[in-house]
Amino acid sequence: MNTQSTTLLIIGGGPGGYVAAIRAAQLGIATTLVETANLGGTCLNIGCIPSKALIHAADEFAKARSYAGNSALGIAVPSATIDIATTVHWKDGIVGKLTGGVGALLKKHKVTVVKGWATIVDGKTVDVNTAGETLRMSCTHLLLATGSLPVELPFMPFGGIVINSTEALSPALLPKKLVVVGAGYIGLELGMAYRKLGVAVSVVESVERVLPAYDAELTRPVGASLERLGIELHLGCTVLGLNAAGTGVRIKSSAGTETELAADQVLVAVGRKPRTEGFGLESLRLDMQGRSVKTDDQCRTSMRDVWAIGDLTGEPMLAHRAMAQGEMVAEIISGKRRHFQPSAMPAVCFTDPEVVVVGLSPTEAQQAGLDCIHASFPFAANGRSMTLESTDGFVRVVARRDNHLILGWQAVGCGVSELSTAFGHSIAMGATLNDVAATIHAHPTLGEAVQEAALRALGHALHV
Ligand code: FAD
Ligand code: NAD
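Here the structure is a predicted model, which is why all the values come from computation and not from measurement.

**Details of the sheet that holds strand β20 (residues 347–349)**
Whenever strands of a sheet pair, they do so through backbone hydrogen bonds, lying parallel or antiparallel.
At step 1: Strand order in the open sheet made by the five strands is β20-β21-β24-β23-β22, with antiparallel pairing throughout. This sheet does not close on itself; its edge strands, each paired only once, are β20 and β22 (372–378). Between one strand axis and the next, the sheet turns through 10° on average, direction left out of account.
At step 2: Sheet analysis places strand β21 (residues 354–359) next to strand β24 (residues 406–413), joined by six bridges and oriented antiparallel.

Now the structure itself:
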């Protein structure tokens, strides 16, 4: 058997694995990365990037269609059409550029990339099935970055009209009627995009409100937008399965009423689970936390020199968390002292309007026993929002009452994903309300709502 040895062996070339590989190579660690599919993992190939591309295309199409009616801006277009095959081709082009870029970066840093399926033999040995041959790799450190897979409903498995996000991101044809199961990140991001592409969309959610992971006030403008778009919501409902003809979904309300929703496609988006099977992980007998690999605050597993990062280690399953963990593990292996204790983990939901949370919400601060103040500034009072025809939403800040240290930011509105950077900076740098309030913010920008929220928390907002 062909055998090779390396210092760091990484299984999985997603944002966690490839960032770890680049940083390790920068630090002079001999690194091999094993990836069975395209580099870039879920994020670049079937997740963050393609979903945001489709959302953008859907937004542009919806805008063009709105100009076919009476536009307040005086713009008129006779009609708008979309060729979804061209849209998918454009999206695939972006994916290709980015995944090719990851390959080039790994090459530049002299990371050895092996394309194949890795199977763990023990904590220092991995077999890679590459082009029909088995390559045995031995390593000093083993980093597991195998990501996650969509959760399947046992009574309505994927196949036929039941699809997951991967298929929803590459439609050959658009369905006429789409039923989405799950009003979380994927269900709403893609459900809204499909609706804007002209599809009749119904969403079934087991909890009584959409985006239940976020606080209710923050998601209210998203609920209003779903209604405006004509998306049918079935909240607090249980999915029973497909009907006998396979042409619809049977659901049951919390009151016990059964209904059937016609569908020519059903997108199941009820969460993702860590990918722990099919590669010999069980042979390591690592400590687990539910379905995830248990790690400490350095991403060490229960076995010495075996590390785990990203979605494999559970929630929050976000690309930037995986990247930050990958970078940190490489630095620890190189001898640096690091711990994964981020001051805040931003989360953005790319719905229309977008939702951002960084740090603590008022309720979370209260639950943590902190005495806090909070204040919001509405985009309805922001000039830039008016010029963008989008005044829904607000920015909210949470700060300690005693010293005004900022502990959290939340925002909902058009384009607020870009505010997550400023939110993260202010928390990471230990800013107070006064630091933000006293900073000159460019006019007219959405960022002025950030300054005004801080001013309002201090009791002297200027524009509300
Ligand atoms: P992954 O990206 O899943 O990469 C794991 C890699 O390991 C895969 O390429 C897989 O092929 C490989 N692999 C697994 N087992 C083996 C093996 N035995 N041998 C060889 N290779 C193997 N997150 C955000 O932060 N922002 C977003 O906007 C966002 N949007 C998303 C949209 C969708 C539709 C989805 C599905 C996810 C989205 N996410 C988003 C989540 C994000 O994609 C993940 O959190 C991120 O990709 C996790 O990175 P990872 O490196 O842990 O795993
Ligand atoms: P999710 O956890 O965001 O949402 C799942 C939703 O399905 C929840 O609201 C849940 O209450 C509901 N649900 C669960 N079982 C149900 C059932 N049987 N019937 C009806 N509703 C049910 O999961 P997701 O949308 O599948 O996304 C998976 C993960 O991918 C996310 O948690 C996130 O980590 C990541 N992601 C992130 C982004 C982003 O950062 N913008 C975008 C997409 C995905």
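**Focus on the sheet that holds strand β13 (residues 248–252)**
At step 1: Strand order in this open sheet of three strands is β12-β13-β14, and the pairing throughout is antiparallel. At either end of the open sheet lies a strand with only one pairing partner, and these are β12 (238–242) and β14 (258–262). Along the sheet, successive strands turn relative to each other by an average axial angle of 30°, direction set aside.
At step 2: In this sheet, β14 lies alongside β13 in antiparallel orientation, the contact comprising five bridges. By the bridge assignment for β14, Gly248 is matched with Ala262.

**Details of the site of ligand 2**
At step 1: In the neighbourhood of ligand 2, 25 residues make up the surrounding shell, with Gly182, Gly184, Tyr185, Ile186 and Met317 lying closest.
At step 2: Of all the secondary-structure elements, those providing two or more residues to the shell around ligand 2 are α6 (185–196), β10 (200–205) and β20.
At step 3: In terms of residues, the shell around ligand 2 owes the most to one element, α6, which gives four residues.

**Examining α6**
At step 1: The end-to-end C-alpha distance of α6, which contains 12 residues, comes to 17 Å, matching closely the 16 Å that a straight helix rising 1.5 Å per residue would cover.
At step 2: Burial of α6 is extensive: 12 of the 12 residues sit out of reach of the surface.
At step 3: Those residues of α6 not exposed but buried are Tyr185, Ile186, Gly187, Leu188, Glu189, Leu190, Gly191, Met192, Ala193, Tyr194, Arg195 and Lys196.
At step 4: Phi turns positive, to about 105°, at Gly198, one or two residues after α6.

**So, the nonpolar core**
At step 1: Counting 128 residues, the largest nonpolar core has Ile10, Ala20, Ala21, Leu143, Leu144 and Val397 as its most contacted members.
At step 2: Setting aside its immediate chain neighbours within four residues, Ala20 contacts Ile10, Leu143, Ala145, Ile309, Gly326, Glu327, Val329 and Ala330.

**Considerations on helix α4 (residues 84–108)**
At step 1: The end-to-end C-alpha distance of α4, which contains 25 residues, comes to 36 Å, matching closely the 36 Å that a straight helix rising 1.5 Å per residue would cover.
At step 2: Of the surrounding elements, those touching the buried residues of α4 are α1 (15–26), β2 (31–35), α2 (41–46), α3 (48–66) and β3 (112–115).
At step 3: Taken from the residues just after α4, Lys110 is the one with a positive phi, measuring 65°.

**Observations concerning the pairing of β12**
At step 1: Pairing of β12 with β13 involves four bridges; the strand directions are antiparallel. By the bridge assignment for β13, Leu242 is matched with Val249.
At step 2: Two successive antiparallel strands, β12 and β13, enclose a turn made up of five residues, where Gly246 displays a positive phi of approximately 70°.

**Quick look at the site of ligand 1**
At step 1: Taken together, 36 residues lie near ligand 1, and Gly12, Gly14, Gly41, Gly147 and Gly310 sit nearest.
At step 2: Looking at the shell around ligand 1, the elements that each hand over two or more residues are α1, β2, α2, α3, β4 (117–122) and α8 (319–333).
At step 3: Tallied by class, residues from the shell around ligand 1 come to 17 nonpolar, 16 polar and three charged.

**What about the domain arrangement of the protein chain?**
At step 1: For the protein chain, the domain assignment lists domain 1 (2–150 + 273–333), domain 2 (162–269) and domain 3 (347–457).
At step 2: Once you take the C-alpha centre of each, domain 1 and domain 2 turn out to be 27 Å apart.
At step 3: Taken residue by residue, the interface counts 13 residues in domain 1 and 13 residues in domain 2.
At step 4: Sorting the residues of the side of domain 1 that touches domain 2 by element identifies α3 and α4 as the ones contributing at least two each.
At step 5: It is α3 that contributes the most residues to the side of domain 1 that touches domain 2, eight residues altogether.
At step 6: Considered class by class, the residues forming the side of domain 1 that touches domain 2 number 11 nonpolar, one polar and one charged.

**A few points about unusual backbone geometry**
At step 1: Between Glu315 and Pro316 the backbone carries a cis peptide bond, its omega angle lying at -10°.
At step 2: Structurally, the position occupied by Pro316 is in the loop between β19 (306–308) and α8.
At step 3: Residue Pro444 is bonded to the preceding His443 through a cis peptide linkage, with omega at -5°.
At step 4: On the secondary structure map, Pro444 appears in the loop between α12 (433–437) and α13 (448–457).
At step 5: Positive phi, normally seen in glycine, also occurs at Asp305, with a value near 65°.
At step 6: By secondary structure assignment, the location of Asp305 is in the loop between β18 (292–293) and β19.
At step 7: For Asp305, a count of 15 C-beta atoms within 10 Å puts it in the partly exposed group.

Cut-offs used in this document
- Residues numbered from 1 in each chain as written.
- Chains lettered and ligands numbered in written order.
- Predicted model: local features only at pLDDT ≥ 70, side-chain atom pairs only at ≥ 80, totals over all residues.
- Pairing = 2+ DSSP bridges.
- Helix = DSSP H or I, 4+ residues; strand = E, 2+ residues; numbered from the N terminus.
- Axes fitted to C-alpha atoms, helices over the stretch in contact; angles between N-to-C directions.
- Near = placed C-beta within 6 Å.
- Expected span 1.5 Å × (residues − 1).
- Buried ≥ 20, exposed ≤ 12 C-beta atoms within 10 Å, placed from the backbone.
- Core = buried A, V, L, I, M, F, W, Y, C linked by C-beta atoms within 7 Å.
- Contact = placed C-beta atoms within 7 Å.
- Nonpolar A, V, L, I, M, F, W, Y, C, P; charged D, E, K, R; others polar.
- Domains from an automatic or database assignment.

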